[in-house]
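# Structure assessment
Here's the letter readout for the chains.
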Amino acid sequence: MKKIIFSAFIALIAFVSTNAQDVITNNYDSPITSADGQSVNTNSTEEDESFGGLGLMYYSFDGFENYGLNSNYTNPNGVGLDFGVRAQFKDHGNFNFDLLFNYSFGLWKQDSNQLLLTLAAGPSLRTQDEISGFDKRGNIEYNSDKFFIDAVVNPRLTVKFGKIYITGGYFYWAPKFKFSKDNGATGGFNIGIGIAY
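Residues numbered from 1 in each chain as written. Predicted model: local features only at pLDDT ≥ 70, side-chain atom pairs only at ≥ 80, totals over all residues. Heavy atoms only, no water.

## Re the overall build of the chain
Within the chain one finds two helices and ten strands. Counting from the amino terminus, helix and strand elements in the chain follow one another as α-β-β-α-β-β-β-β-β-β-β-β. Relative to its full complement of 197 residues, the chain shows a buried share of 37%. Considering only contacts in the chain between residues 6 or more positions apart, those separated by 24 or more positions represent 51%. (Helix = DSSP H or I, 4+ residues; strand = E, 2+ residues; numbered from the N terminus. Buried < 20%, exposed > 50% of the residue type's maximum accessible area, 1.4 Å probe, protein only. Contact = heavy atoms within 4.5 Å.)

## Digging into unusual backbone geometry
A positive phi angle is found at N77, which is not glycine, with a value near 60°. Inspection of the secondary structure assignment puts N77 in the loop between β4 (64-74) and β5 (78-87).

## A short note on the pattern of salt bridges
One side chain can pair with another of opposite charge once the charged atoms of both are near each other. A complete count under the given rule lists four salt bridges for this structure. Here D82 and R156 are joined by a salt bridge, their closest N and O atoms 2.8 Å apart. Here D82 is found in strand β5, whereas its partner R156 is found in strand β8 (residues 140-161), with 74 residues between them in sequence. Judged by its relative accessible area of 3%, D82 falls in the buried class. Residue R156 is classed as buried on the basis of its relative accessible area of 6%. Of the charged contacts in the structure, one is a salt bridge between K176 and E130, with a shortest N-O distance of 4.0 Å. Here the residue K176 occupies a position in the loop between β9 (164-174) and β10 (186-196), and E130 occupies one in strand β7 (residues 113-134), the gap between them amounting to 46 residues. (Salt bridge = Lys/Arg side-chain N within 4 Å of Asp/Glu carboxyl O.)

## Remarks on the nonpolar core
Judged by nonpolar contacts, M57, Y59, F61, F64, L100, A120, V152, F171 and W173 together constitute the single largest core of nine residues. Those elements that place two or more of their residues in this core are β3 (51-61) and β9. Top contributing element to this core by residue count: β3, with three residues. Excluding its chain neighbours within four sequence positions, the residues that come into contact with Y59 are F64, E65, N66, Y67, G68, R86, F171, F189 and N190. (Core = buried A, V, L, I, M, F, W, Y, C linked by side-chain atoms within 4.5 Å.)

## What about the environment of A87?
On the secondary structure map, A87 appears in strand β5. When its relative accessible area of 4% is taken as the criterion, A87 is described as buried.

## Observations concerning the sheet that holds β9
With antiparallel pairing, eight strands are arranged side by side around a closed barrel as β3-β4-β5-β6-β7-β8-β9-β10. Direction aside, neighbouring strands of the sheet carry axes that sit 25° apart on average. With ten bridges connecting them, β5 and strand β6 (residues 95-110) associate as antiparallel partners. For G84, the partnering residue across the bridge sits in β6 and is D98. (Pairing = 2+ DSSP bridges. Axes fitted to C-alpha atoms, helices over the stretch in contact; angles between N-to-C directions.)

In structure tokens form, the structure reads like this:
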């Protein structure tokens, strides 16, 4: 079941990445001359600042890790989206599909290089085996592939150098929207590298 969900998510990321590249172009290349005879560049750079990305992510929590893929749309000083899939790849481990809304603050820009602070939050759909009890020998018994809805908060920094970006920050995960540590909420960090388009 997890392999089917993982394959479907990879297909979704590929579809979103392909459709995100549809660009409507206008001809802004003809220069406008100012009153003193100087050429004035009227090209808007806002379109160049926004970018999509596809990358590999690593998540470190207290006592375990997740590995995954992330596709995002980053809009400096505006709203964007993160799609992520991550998993523990161990028996009875988690498999999550994160859908986060983000807001990015442009901290620095030079040519195609940028530094951004991004605040992202949203739901995370999780499938994981759930402990159902113990058998007569004291071994743990599980209910397989139970579905849950969790919450995720991810403030992070992103550095973009041309077509490559590196991102990382704090990753807070609240299973079943329960934010106390007693209910399994855990904080860690995530870091990733990807290709910007």
